[in-house]
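# Structural characterization, general
Given next are the chains, with one letter for each unit.
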Amino acid sequence: MLKFIRRIIYSYKEYILLTLLSVISLTILSSNEKPQAKHLKTFALGNFALLNEAASSIVSFFRTDAFSEELRIENAKLMLEVNRLRKYRMENDELRSMIAFKDTCKYPLIPAKVVSKLVTKIQGNFIINKGFGEEIKKGMPVLNEKGLIGMIIDVTENYSVVRTLYNSNLNIAVTLQRTNTDGILSYDGNNLVIKDIPTTHDVQIGDRVETSDFSSLFPPSIPVGVVLKKESNVLGLLHSISIQPFADIGSISNLFILKVVPSKQIDQLEMNLLK
Amino acid sequence: MSNHFIKPILYFIPLAILQFTVIPLISISNIVPNLVFVLIAFYTLRYGQFFGTILGFILGFLFDLISGGLLGAFMFSFTLSAFLVGYFYNENKIEFNTTSFFFLLIVFICGSVNSFVYSAISNTNTNVGFFSLILEEGLLPGIYTALLGLPIVIIYFKKGMQ
């Protein structure tokens, strides 16, 4: 009997191995949020990012960077300011005082560099060279002088992982600035889209899109992009709107973290939704 | 056999650094080749399916740890695709399989499967279409990965000529 089992195992050892390793992989995949897995990832990420940082500094040596850090910070602040002023023009002051608009410019900007990028078609992640040593926290928005890039999803002592807009697992509450139409922005593998906007809402190509007042993950009025095209569904009742982001996410090497600490309770609730 | 693991694991470190720092610079609308998969395919064709499956698992685990992505996603996709590469292993044709253009075909087929499996298990957005997954997350990265296998073929082909 034992001999028979041994012979079977020997004959099908590749299949047994594949099954075993696949089961282990899928088990690990399902336990991504467990503290042990997170500790292991944090440890590995922090150490390997050192090597990546050294390599990316060599790579960036060959790339021309015309802007100094101070200028880029100033640019990003001005971008937020301009967007805020644009909104002022469109809304009256009375309404503004009623909704208690939060001034996004009061939050400090922390400059950071991209150390490495995990580029896949639907899972855009960056690793940046700032961590909880710089008081970076999970959930903080990441942007550059043009607009929103993504948000921090993992933090180690000196490095953080940024989930970019080009990640199908990131959904953001946004609003069309001109008409105040709200929607959820997500990435479908090709475009950033806002789905299920009623066709009765006035949406035009070129309308600016920014983070919504309803989002407690992101402060309101961070520019996201412009409406590139709109398509109606079969019944013609709902629009699907494609958005062109302001920030050129693919070629970013310098960015900023907006040091926002949202309400802890809301933050925990929304971060749970992100898992 | 355990000695055979040392070399690919050592090669993995510089390749992973290149994958995260240089390869994003040559991405075409977020489609990138996978250098680590070329390494796995090469060693699987040298040492067989059993070896390749374990190597895919180990390198997938390391890749997941350092990429900041989902832990287990590359582990599963590399394991599965290395197992597939193993079907092309033939101990009498090792040189042919790893130094001819047949190597590129293997990398293309199995690299496409690797990219597709990775995208399928790491994606939670239902808006991503199945055919988009096959074409844009599977076949196109597969072609790009195969292109990156070209230097290996050329180097070994030249060596063979000498």
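Below is a summary of the structure that appears in this document. (Residues numbered from 1 in each chain as written. Chains lettered and ligands numbered in written order. Predicted model: local features only at pLDDT ≥ 70, side-chain atom pairs only at ≥ 80, totals over all residues. Heavy atoms only, no water.)

### Notes on the overall build of chain B
To keep it simple, the criterion reads: To qualify as a helix, a DSSP run of H or I must reach at least 4 residues; to qualify as a strand, a run of E must reach at least 2; elements of each kind are numbered from the N terminus. Throughout, the radius of gyration refers to the C-alpha atoms, and the reference size of a globule is 2.2 Å times the residue count to the power 0.38. Relative accessibility decides the category of a residue: with a 1.4 Å probe and only protein chains considered, values under 20% of the type maximum give buried, values over 50% give exposed, and everything between is partly exposed. By definition in these notes, contact holds between two residues if any of their heavy atoms fall within 4.5 Å. In this description, accessible areas are obtained by the Shrake-Rupley approach with a 1.4 Å probe, and a residue is regarded as covered only by the protein chains that are shown. For the purpose of counting charges, residues Lys and Arg are taken to be positive, whereas Asp and Glu are taken to be negative. His and the chain ends are not included. Charged groups are reduced to one reference atom each: NZ for lysine, CZ for arginine, CG for aspartic acid, CD for glutamic acid.
Counting secondary structure elements, chain B contains 8 helices and 0 strands. Radius of gyration (C-alpha) of chain B: 15 Å, near the 15 Å computed for a compact globule of 162 residues. Counting only C-alpha atoms, chain B reaches 50 × 30 × 30 Å along its principal axes. Counting the 162 residues in chain B, one finds 57% classified as buried. Of all intrachain contacts in chain B linking residues separated by at least 6 positions in sequence, the fraction that spans at least 24 positions is 70%. Surface exposure of chain B reaches about 6800 Å², of which carbon and sulfur atoms provide 72%. Counting 5 positive and 5 negative side-chain charges, chain B places the centres of these two groups 18 Å from one another.

### Focus on the pairing of strand 8 (residues 192-198) of chain A
Every regular strand shows the same layout, with side chains that alternate between the two sheet faces. Residues and elements named next belong to chain A. The test is simple: Paired strands, in this sense, are two strands between which DSSP finds at least two bridges.
In the sheet, strand 7 (residues 181-187) pairs with strand 8 via 3 bridges, with the strands oriented antiparallel. Paired with Y187 across the strands is L192, a residue of strand 8. What sits between the antiparallel neighbours strand 7 and strand 8 is a turn of 4 residues, in which G189 has the positive phi angle 100 degrees. Note: strand 8 against strand 11 (residues 238-245), 5 bridges, orientation antiparallel. In the sheet register, V193 faces strand 11, and the bridge partner there is S242.

### Remarks on the packing of aromatic side chains
Which entries qualify depends on this criterion: Any two of the Phe, Tyr and Trp rings considered here, Trp counted by its six-membered ring, make a pair once their centres fall within 6.5 Å; the pair's planes then place it as stacked at under 30 degrees, edge-to-face at over 60, or tilted in between. Any Lys NZ or Arg CZ found within 6 Å of a ring centre and within 35 degrees of that ring's normal is scored as a charge over the ring.
The full count for this structure, using the stated rule, is 19 aromatic pairs over all chains. Plain terms: the ring middles of Y166(A) and Y187(A) are 5.0 Å apart, the flat faces sit at 50 degrees to each other, and that makes the pair tilted. Here Y166(A) is found in strand 5 (residues 160-167), whereas its partner Y187(A) is found in strand 7, with 21 residues between them in sequence. Overall, Y187(A) belongs to the buried group, its relative accessible area being 2%. Site record: aromatic cluster; members linked through ring pairs are F5(B), Y11(B), F42(B), Y43(B), Y47(B), F51(B) and F103(B). Just above the ring of F50(B) sits the side chain of K13(A); from NZ or CZ to the centre is 5.3 Å.

### Some remarks on the sheet that holds strand 11 of chain A
Either a parallel or an antiparallel arrangement is found when strands of a sheet pair, and the pairing is made through backbone hydrogen bonds. Definition in use: Fitting a line to C-alpha atoms yields each axis, with helices limited to the stretch in contact; the angle taken between N-to-C directions then spans 0 to 180 degrees.
Pairing is antiparallel around the closed barrel formed by 6 strands, whose spatial order is 6-7-8-11-10-9 (chain A). Across this sheet, the average inter-strand angle for adjacent strands is 40 degrees, counted without regard to direction.

### Focus on the pattern of salt bridges
Side chains that carry opposite charge are capable of pairing whenever their charged atoms lie near each other. For clarity, the threshold we go by: Criterion for a salt bridge: a side-chain nitrogen of Lys or Arg within 4 Å of a carboxyl oxygen of Asp or Glu.
This structure, assessed with the given rule, holds 5 salt bridges over all chains. Across the pair E135(A) and K259(A) runs a salt bridge, and its minimum N-O distance is 3.3 Å. Taken together, the residues span a long stretch of sequence, with E135(A) in the loop between strand 2 (123-128) and strand 3 (141-143) and K259(A) in the loop between strand 12 (254-258) and helix 6 (264-274) at a distance of 124 residues. Classification of E135(A) as exposed rests on a relative accessible area of 52%. The partner of E95(B) in a salt bridge is R46(B), with the nearest N and O atoms 3.6 Å apart. Of this pair, E95(B) sits in helix 5 (residues 94-99) while R46(B) sits in helix 2 (residues 35-47), and the two are 49 residues apart along the sequence. A residue is classified by how much of its surface remains accessible, and E95(B), at 47% relative accessible area, is partly exposed.

### Focus: empty space enclosed by the protein
Going by this rule: The way it works is a 1 Å grid over only the protein atoms, where trapped points that fit a 1.4 Å probe form a cavity and open points with protein on both sides within 12 Å along at least five of seven lines form a pocket, and then any residue with an atom within 4 Å of a point lines it. Grid points are joined across faces, edges and corners, and a volume is the space filled by probe spheres set on the points. Classification convention: Asp, Glu, Lys, Arg as charged; Ala, Val, Leu, Ile, Met, Phe, Trp, Tyr, Cys, Pro as nonpolar; all other residues, Gly among them, as polar.
Inspection of the entire model under this criterion finds 3 cavities of 30 Å³ or more. Taken as a whole, the largest cavity spans an internal volume of roughly 220 Å³. What lines the largest cavity is a set of 24 residues, among which V119(A), T120(A), V32(B), N34(B) and S115(B) lie closest to the centre. Of the residues that constitute the lining of the largest cavity, the class distribution is 12 nonpolar, 8 polar and 4 charged. Size it by volume and the second largest cavity reaches roughly 100 Å³. Taken together, 14 residues make up the lining of the second largest cavity; nearest its centre are V119(A), F126(A), I249(A), G250(A) and N30(B). Going through the elements one at a time, strand 1 (109-118), strand 2 and strand 5 of chain A are the ones with two or more residues in the lining of the second largest cavity. Broken down by element, the residue count for the lining of the second largest cavity peaks at 3 residues, all from strand 2 of chain A. Along the lines of polarity and charge, the residues of the lining of the second largest cavity split into 6 nonpolar, 7 polar and 1 charged.

### A look at the interface of chain A and chain B
Put simply, the rule is: Whenever a nitrogen or oxygen atom comes within 3.5 Å of another N or O atom, the pair is scored as a polar contact, on the condition that within protein one atom can donate a hydrogen and the other can accept it, and that pairs from neighbouring residues in sequence are kept only if both atoms are in side chains.
Opposite the 46 residues of chain A that make contact, chain B presents 49 residues. Here chain A and chain B share 0 salt bridges between them. Here chain A and chain B share 5 residue pairs in polar contact (both at pLDDT 80 or more) between them. Only helix 2 (13-30), helix 3 (35-61), strand 1, strand 2, strand 5 and strand 7 of chain A provide two or more residues apiece to the side of chain A that touches chain B. Counting residues per element, the side of chain A that touches chain B draws most heavily on helix 2 of chain A, at 12 residues. Looking at the side of chain A that touches chain B, its residues break down into 24 nonpolar, 14 polar and 8 charged.

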